[in-house]
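What the coordinates show
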Amino acid sequence: MPQFSVCIADFQERGRGRYQRHWQAPKQTSLLMSVLIPLDSNIDYGWATFAGALAAREACAKILPAQKILLKWPNDVVSMQGQKIGGVLGEVLGERDGMLFGAIGVGINILQAKNELLATATSLRMLDSSLQGEFKIVREALAVLFLNELKQNLQLQKTDVLSKMSLHCIDIGKVRNLQTRIGKISGTVRGIGANGELILGNHLITPDQMAQNALLEPDFVTKK
């Protein structure tokens with residue numbers, strides 16, 4: 001398959017998030033998209049996930065320019081109130097013809113109503129009831145925006161991606177209590193480190209150090 005090939009699903013019954021968490025999305029409610037990306041000495045999948053999360057935020061912000069769309073470290077797109085709109089997951093797939101490939105998967109809630117979502121989640125339509133257009137038209141516009149933003153972000157220097165993430169990170173300045181693999185760490189989030197770590201007090205926390213029960217809410221965003 002060519003680089004940046006795209007696969008889009010109409011619904012998802014066994015979606016997989018971080019730590020193998022499962023989530024669902026009914027038919028014609030969400031952008032459910034995977035993108036094939038090349039991984040080389042300049043692009044590792046951890047950085048690609050950050051680039052993807054930033055692309056998802058930027059795409060949502062362009063669909064709803066009047067709304068403040070933010071990022072929750074390391075890979076969630078959230079509203080100003082902290083409700084989850086969507087998320088991104090990166091994965092290494094393997095090597096072909098001497099090139100290492102990965103996939104960036106994104107799930108973004110578009111048309112769900114309040115009674116279809118957990119209290120910790122929201123959708124683009126819930127954030128702006130004036131969002132008009134048939135589902136497939138809105139989804140296509142969002143998909144094109146995400147793909148274009150992803151390509152641009154992957155061309156940026158890593159420091160530029162992380163700087164842009166810091167500008168939109170809802171965690172910065174907030175007190176967080178995280179359960180990591182080395183124990184519970186509490187403190188004020190001071191920023192995002194040079195390698196994408198969360199700077200929590202005097203600690204640098206990487207996504208891999210997060211314990212499976214680190215987040216209070218599960219990764220799925222749609223009610224079962």
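Scroll up to find the structure.
This structure is a prediction, so every number in the text was calculated from the model and none was measured.

**Quick look at the overall build of the protein**
In terms of helices and strands, the protein carries four helices and twelve strands. By the burial criterion, 50% of the 224 residues in the protein qualify as buried. In the protein, the share of contacts with a sequence separation of at least 24, taken over all contacts with a separation of at least 6, comes to 63%. Accessible area of the protein: about 11,300 Å², with a carbon and sulfur share of 50%.

**Quick look at helix α3 (residues 135-155)**
With 21 residues, α3 ought to run about 30 Å at 1.5 Å a step, and its terminal C-alpha atoms sit 30 Å apart, in line with that. Among all positions in α3, only Phe-135, Val-138, Arg-139, Leu-142, Ala-143, Phe-146, Leu-147, Glu-149, Leu-150, Asn-153 and Leu-154 are buried.

**With respect to the side chain of Asp-76**
Secondary-structure assignment places Asp-76 in strand β6 (residues 76-78). A distance of 3.3 Å separates a polar atom in the side chain of Asp-76 from a polar atom in the side chain of Lys-84. Not counting residues up to four positions away in its chain, the partners in contact with Asp-76 are Leu-70, Leu-71, Lys-84, Gly-86 and Gly-87.

**A short note on the sheet that holds strand β8 (residues 99-109)**
Here six strands make up an open sheet; going across it, the order is β1-β4-β8-β7-β6-β5 and the pairing antiparallel. The sheet terminates laterally at β1 (6-9) and β5 (70-72), the two strands that pair on one side only. Across the sheet, the mean angle from the axis of one strand to that of its neighbour is 25°, orientation sign disregarded. Here strand β4 (residues 30-39) runs beside β8; their pairing, made up of ten bridges, is antiparallel. Looking at β8, one finds that Ser-30 is bridged to Asn-109. Lying on the sheet, α3 is in contact with β1, β4 and β8; it crosses β4 at an angle near 25°.

**What about the pattern of salt bridges?**
Under the counting rule described, the total for this entry stands at five salt bridges. A salt bridge links Arg-139 to Asp-10, with the shortest nitrogen-to-oxygen separation between them at 2.6 Å. In this pair, Arg-139 sits in helix α3 while Asp-10 sits in the loop between β1 and β2 (12-16), placing the two residues 129 residues apart along the sequence. According to the relative accessible area criterion, Asp-10 is partly exposed, its value standing at 34%. In this structure, Asp-171 and Arg-176 form a salt bridge, with 3.0 Å as the shortest nitrogen-oxygen distance. Classification of Arg-176 as partly exposed rests on a relative accessible area of 23%.

Reading guide: rules and limits
Residues numbered from 1 in each chain as written. Predicted model: local features only at pLDDT ≥ 70, side-chain atom pairs only at ≥ 80, totals over all residues. Heavy atoms only, no water. Helix = DSSP H or I, 4+ residues; strand = E, 2+ residues; numbered from the N terminus. Buried < 20%, exposed > 50% of the residue type's maximum accessible area, 1.4 Å probe, protein only. Contact = heavy atoms within 4.5 Å. Areas by Shrake-Rupley, 256 points an atom, 1.4 Å probe, with all protein chains shown as cover. Expected span 1.5 Å × (residues − 1). Polar contact = N/O pair within 3.5 Å; in protein donor to acceptor, adjacent residues only side chain to side chain. Pairing = 2+ DSSP bridges. Axes fitted to C-alpha atoms, helices over the stretch in contact; angles between N-to-C directions. Salt bridge = Lys/Arg side-chain N within 4 Å of Asp/Glu carboxyl O.

It is worth stressing that arrangement in space is one thing and function is another; only the former is reported here.
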